[in-house]
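# Coordinate inspection notes
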Amino acid sequence: LTLEQFLACYQNLLLTCGLALPSEDVQSEVFRLIDRDSNGVVDLMELVCGLSLLCAGSDDEKISAVFGAFDTNGDGFISKEEMFTFFASVFRVGLTPQTLAMMNSMGTTVHTAEELASETVLE
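Parameters and conventions
- Residues numbered from 1 in each chain as written.
- Predicted model: local features only at pLDDT ≥ 70, side-chain atom pairs only at ≥ 80, totals over all residues.
- Heavy atoms only, no water.
- Helix = DSSP H or I, 4+ residues; strand = E, 2+ residues; numbered from the N terminus.
- Buried < 20%, exposed > 50% of the residue type's maximum accessible area, 1.4 Å probe, protein only.
- Contact = heavy atoms within 4.5 Å.
- Areas by Shrake-Rupley, 256 points an atom, 1.4 Å probe, with all protein chains shown as cover.
- Salt bridge = Lys/Arg side-chain N within 4 Å of Asp/Glu carboxyl O.
- Patch = residues over 30% accessible without salt bridge, like charges linked within 9 Å, V, L, I, M, F, W, Y side chains within 5 Å.

### Overview of the overall build of the protein
When helices and strands are tallied, the protein shows seven helices and zero strands. With 123 residues in all, the protein has 28% of them scored as buried. Summarising the internal contacts of the protein: among those between residues at least 6 apart in sequence, 42% fall at separations of at least 24. Accessible surface computed for the protein: about 7,900 Å², of which carbon and sulfur atoms make up 61%.

Take a look at the structure:
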């Protein structure tokens, strides 16, 4: 979803739920929060991770929804490729420059969410 597409969906969702729209700055900030690779597009994995962090529901419901989104072939298992996609998406959401700096100060030489995901899957 581009910024414009995301905002249209976001506004529609809020209005449908009877919620007031936040300012345009806040709406754009929500988009930037979810667009973790800052490419100007929210992909499916970013959307799933972002929504699972922002939405209500039990932990089991969130885990089930995320599992279903990342089990792309629907076989009930997460392959290494699917696990990489999952970790990369999660790390894009939570891996801040400060976290990277802290990890690197502890001897980890990771520069991107994808590098961290690759190392995590190998472990």
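### Remarks on the pattern of salt bridges
In this structure the tally under the stated criterion is one salt bridge. A salt bridge links Glu29 to Arg32; the nearest nitrogen and oxygen atoms lie 3.2 Å apart. Of the two residues, Glu29 and Arg32 are both situated in helix H2 (residues 24-34); the distance of three residues between them amounts to about one turn of the helix.

### Some details on a nonpolar patch on the surface
On the surface, Leu33, Leu53 and Leu54 cluster together into a nonpolar patch covering about 300 Å² of accessible area. Assignment of secondary structure puts Leu33 in helix H2.

It is worth stressing that arrangement in space is one thing and function is another; only the former is reported here.
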